[in-house]
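# Working through the structure, step by step
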Amino acid sequence: RQSNGYLGDNYGPGESFWYTASMPLRTLIAAYQLLNRADYLKAAFDQLDQFVDEQLPNGAWEAVLRGRATRLLPRAEVQRILREERLPMSDVGSVVSSLAVAIPVANGARQRRYTKSLRLFCDDWAPRFQRRNGAFDDGVWPQPTAIYTCATAIEAATFALAYRVTGEARYLDVSKRA
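Residue numbers restart at each chain and count upward from 1, following the sequence in its written direction. This being a predicted model, a pLDDT of at least 70 is required before a residue's local features are given, and a value of 80 or more before pairs of side-chain atoms are given or counted; all residues contribute to the totals for chains, interfaces and linings. Just so you know, side-chain values use all the structure's heavy atoms and leave hydrogens and water out.

## Remarks on the overall build of the protein
Applied cut-off: A run of H or I in DSSP becomes a helix once it reaches four residues, and a run of E becomes a strand once it reaches two; helices and strands are each numbered from the N terminus. Atoms considered for the radius of gyration are the C-alpha atoms alone. The globule rule reads 2.2 Å times the number of residues to the power 0.38. Burial here depends on accessible area, computed with a 1.4 Å probe over protein chains only, as a share of the maximum for the residue type. Under 20% is buried, over 50% is exposed, and the range in between is partly exposed. Contacts were defined at the residue level, with two residues in contact if any of their heavy atoms lie within 4.5 Å. All accessible areas in this document rest on Shrake-Rupley with a 1.4 Å probe, and a residue is counted as covered only by the protein chains that are shown. Working convention for charge: Lys and Arg count positive, Asp and Glu count negative, and His plus the chain ends are omitted. A charged residue contributes its charge at one atom only: NZ of Lys, CZ of Arg, CG of Asp or CD of Glu.
A tally of regular secondary structure across the protein gives seven helices and two strands. The C-alpha radius of gyration of the protein comes to 15 Å, within 12% of the 16 Å expected for a compact globule of 178 residues. Counting only C-alpha atoms, the protein reaches 45 × 40 × 25 Å along its principal axes. Per-residue burial for the protein yields a buried fraction of 48% across its 178 residues. Looking at the protein alone, contacts between residues at least 24 apart form 57% of all its contacts between residues at least 6 apart. Total accessible area computed for the protein in this model is approximately 8900 Å², and 53% of it derives from carbon and sulfur atoms. Seen as two clouds, the 23 positive and the 19 negative side-chain charges of the protein have centres 5 Å apart.

## Re unusual backbone geometry
Phi is positive for Asn36, which is not a glycine, with a value near 55 degrees. Of note, Asn36 is situated in the loop between α1 (19-35) and α2 (38-53). With relative accessibility at 60%, the residue Asn36 sits in the exposed group.

## Let's talk about the nonpolar core
The line we're drawing: Buried Ala, Val, Leu, Ile, Met, Phe, Trp, Tyr and Cys residues that are joined via side-chain atoms within 4.5 Å together make up what is termed a nonpolar core.
In this structure, Leu48, Met89, Tyr114, Leu118, Phe121 and Phe136 are the most contacted members of the largest nonpolar core, which totals 46 residues. Mapped by element, the contributors of at least two residues to this core are α1, α2, α3 (75-84), α4 (89-102), α5 (108-125), α6 (149-166) and α7 (169-177). In terms of residue count, the dominant contributor to this core is α4 (eight residues).

## What about the packing of aromatic side chains?
Inclusion rule: Two rings belonging to Phe, Tyr or Trp (six-membered ring only in the last case) form a pair when the distance between their centres is within 6.5 Å. Interplanar angles under 30 degrees mark stacking, angles over 60 mark edge-to-face geometry, and anything in between is tilted. Note on criteria: charge over ring means Lys NZ or Arg CZ within 6 Å of the ring centre, with the direction from the centre no more than 35 degrees off the ring normal.
One pass over the full model with this rule turns up eight aromatic pairs. Pairing Phe17 with Tyr19 gives two aromatic rings, centres 6.3 Å apart and planes at 35 degrees, and the pair type is tilted. Here Arg86 stacks its cationic end above the ring of Trp141, 4.2 Å away from the centre of that ring.

## Quick look at the side chain of Thr70
Which entries qualify depends on this criterion: Two N or O atoms form a polar contact when they lie within 3.5 Å of each other; inside protein one atom must be a possible hydrogen donor and the other a possible acceptor, and for residues adjacent in sequence the pair counts only when both atoms belong to side chains.
With respect to the helices, strands and loops of the structure, Thr70 is situated in the loop between α2 and α3. Given the relative accessible area of 9%, Thr70 is considered buried. A polar side-chain atom of Thr70 sits 3.1 Å from the main-chain carbonyl oxygen of Gln55. Filtering out sequence-adjacent residues up to four positions away, Thr70 remains in contact with Asp53, Glu54, Gln55, Leu56, Pro57 and Val78.

## Comments concerning the packing of α1 against α2
Here is the rule we go by: Only the stretch in contact is used when fitting a helix axis, every axis being a line fitted to C-alpha atoms; angles between N-to-C directions are given from 0 to 180 degrees. Each angle receives one of four descriptions, namely roughly parallel if under 35 degrees, roughly antiparallel if over 145, roughly perpendicular if within 65 to 115, and oblique otherwise. A crossing counts as left-handed when the near helix is turned anticlockwise from the far one by less than a right angle, and as right-handed when that turn is clockwise.
Between α1 and α2, the shortest axis-to-axis distance is 8 Å and the interhelical angle comes to 150 degrees. Viewed along their axes, α1 and α2 adopt a mutual orientation that is roughly antiparallel. Note on packing geometry: the crossing formed by α1 with α2 is left-handed. Where α1 approaches α2, its residues Leu25, Leu28, Ile29, Ala31, Tyr32 and Leu35 are matched on the opposing element by Ala38, Tyr40, Leu41, Ala43, Ala44, Gln47 and Leu48.

## A closer look at the state of the cysteines
Cysteine pairs can be linked by a disulfide, which is a covalent bond between their two sulfur atoms. Filter applied, for reference: Two cysteine sulfurs form a disulfide in these notes if their separation is within 2.5 Å.
For the structure shown, the criterion picks out zero disulfides. Lacking any disulfide linkage, Cys122 is separated from the closest cysteine sulfur, that of Cys150, by 18 Å.

## Quick look at the pattern of salt bridges
The condition that has to hold: Each reported salt bridge corresponds to a side-chain nitrogen of Lys or Arg within 4 Å of a carboxyl oxygen of Asp or Glu.
Per the stated rule, a full pass over the model turns up 16 salt bridges. The residue Arg113 makes a salt bridge to Asp53 at a minimum N-O spacing of 2.1 Å. Of the two residues, Arg113 is situated in helix α5 and Asp53 in helix α2; the sequence distance between them amounts to 60 residues. Put simply, Arg131 and Asp137 hold a salt bridge, and the shortest N to O gap is 3.1 Å. The class for Asp137 is buried, based on a relative accessible area of 9%.

Now the structure itself:
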């Protein structure tokens, strides 16, 4: 864990990429399930709470940990992020899959909040990047992106997990098309 509480790698100022937290998150959740260690689950929830706090109104996330909840940002800053920052499908999709893995072990308000976040990503953001052939491109970058195998595989897994959590076949359909 980094000094700011981040579970992933920190490559330098402004370079705590979300995707590096995805494997530690899934590992902590699995370890909780295997070993019944509540401290592992708490560590995962702390990071996922921050992840959900940073979700943008359109369902996307920036590639990097911002360290500040979107609801606390001035509207102009949110608009700037939406226009100028990387909003990659592969990077954040891997963390969204961790969010989906956490939903069954979350309770009450946290479970509802995580499910709402997952749905926002799967319903409003991710579908715009699935191509006619089912593959996904890698979201919003400064330059246009093409079909990306990592994004396709990650979104296939994320949508399959969304199906597992919600029971809604439309998510499984997206996964199968990928």
